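Below, each chain spelled out in residue letters.
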Amino acid sequence: MELLVVLDCPNEGPAREVLREAAGLAGLGEVPVTVTVIGSDQEARSRGFIGSPTFLIDAVDPFAVPGAPTGVTCRVYATPHGPAGVPPIAALRDALLRA
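Small disclaimer: the values here were computed from a predicted structure and weren't measured.

Draft legend 1. Seen up close, the overall build of the protein. Of the regular secondary structure elements, the protein holds three helices and five strands. When the helices and strands of the protein are listed from N to C terminus, the series reads β-α-β-α-β-β-β-α. Counting only C-alpha atoms, the protein reaches 35 × 30 × 25 Å along its principal axes. Across the protein, every contact between residues at least 6 apart in sequence was considered, and the portion connecting residues at least 24 apart equals 63%. In the structure as shown, the protein presents an accessible area of about 5500 Å², 56% of it carried by carbon and sulfur atoms. Here the protein contributes 7 positive and 11 negative side-chain charges, whose respective centroids are spaced 4 Å apart.

Put into structure tokens, the structure is as follows:
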């Protein structure tokens, strides 16, 4: 599992927490996470990074948005309660189970 973030991303901590909870609900226990800081537009383009935080499961973004612009920016996820800085726990759990 890889977590792509921008420097000082305010949602990095919440992203780790959502991942921990989702992995637990999926019965996976502790999932090792590599955090990679995306620091330039060139890196963002080369990684297909559309914002921080981005979760990669087996190098795939389960929340990819086709045609979304890349860049060193914050990411917004659609949730039942409106836009948020992290995906819903259930959505991440489901993505982990599919992988």
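Next comes the rest of the account.
Draft legend 2. Broad picture of the nonpolar core. Ranked by size, the top nonpolar core spans 22 residues in total, and within it F49, F55, L92 and L96 carry the most contacts. Those elements that provide at least two residues to this core are strand 1 (2-5), helix 1 (12-25), strand 3 (54-56) and helix 3 (89-98). At five residues, helix 1 tops the list of elements feeding residues into this core. Residues contacting L96, with those up to four places away along its chain left out, are M1, L19, A22, A23, L28 and I57.

Draft legend 3. Quick peek at the packing of helix 1 against helix 3. For the pair helix 1 and helix 3, the least separation of the axes is 8 Å and the interaxial angle reads 55°. Considering their axes alone, helix 1 and helix 3 lie oblique with respect to each other. In the crossing of helix 1 with helix 3, the sense of the turn from one axis to the other is right-handed. For the pair helix 1 and helix 3, contact is made by V18, L19, E21, A22, A23 and L25 and by I89, L92, R93 and L96, respectively.

Draft legend 4. Quick look at helix 3. Turning to helix 3, its buried residues number three or more, namely L92, A95 and L96. The arc that holds the buried residues of helix 3, viewed along the axis, is 100°, so those residues lie on one side. Of the exposed residues in helix 3, those oriented more than 90 degrees away from the buried face are L97 and R98. Residues of helix 3 that are buried in the fold lie against helix 1 and strand 3.

Draft legend 5. Fine view of the packing of aromatic side chains. In the structure shown here, the tally under the stated rule is two aromatic pairs. A ring pair is formed by F55 and Y77, whose centres lie 6.4 Å apart and whose planes are at 65°; its orientation type is edge-to-face. You can see F55 sitting in strand 3 and its partner Y77 sitting in strand 4 (residues 77-79), a full 22 residues away along the chain. Each of the two residues, F55 as well as Y77, counts as buried. Where F63 meets Y77, the ring centres are 5.6 Å apart and the plane angle is 85°; that geometry is what we call edge-to-face. Of this pair, F63 sits in the loop between strand 3 and strand 4 while Y77 sits in strand 4, and the two are 14 residues apart along the sequence.

Quick notes on the rules
- Residues numbered from 1 in each chain as written.
- Predicted model: local features only at pLDDT ≥ 70, side-chain atom pairs only at ≥ 80, totals over all residues.
- Heavy atoms only, no water.
- Helix = DSSP H or I, 4+ residues; strand = E, 2+ residues; numbered from the N terminus.
- Contact = heavy atoms within 4.5 Å.
- Areas by Shrake-Rupley, 256 points an atom, 1.4 Å probe, with all protein chains shown as cover.
- Lys, Arg positive; Asp, Glu negative; His and termini not counted.
- Charge placed at Lys NZ, Arg CZ, Asp CG, Glu CD.
- Core = buried A, V, L, I, M, F, W, Y, C linked by side-chain atoms within 4.5 Å.
- Buried < 20%, exposed > 50% of the residue type's maximum accessible area, 1.4 Å probe, protein only.
- Axes fitted to C-alpha atoms, helices over the stretch in contact; angles between N-to-C directions.
- Parallel < 35°, antiparallel > 145°, perpendicular 65-115°, else oblique.
- Left-handed = near helix turned anticlockwise from the far one by under 90°.
- Arc of directions from axis to C-beta.
- Phe/Tyr/Trp six-rings, centres within 6.5 Å; stacked < 30°, edge-to-face > 60°.

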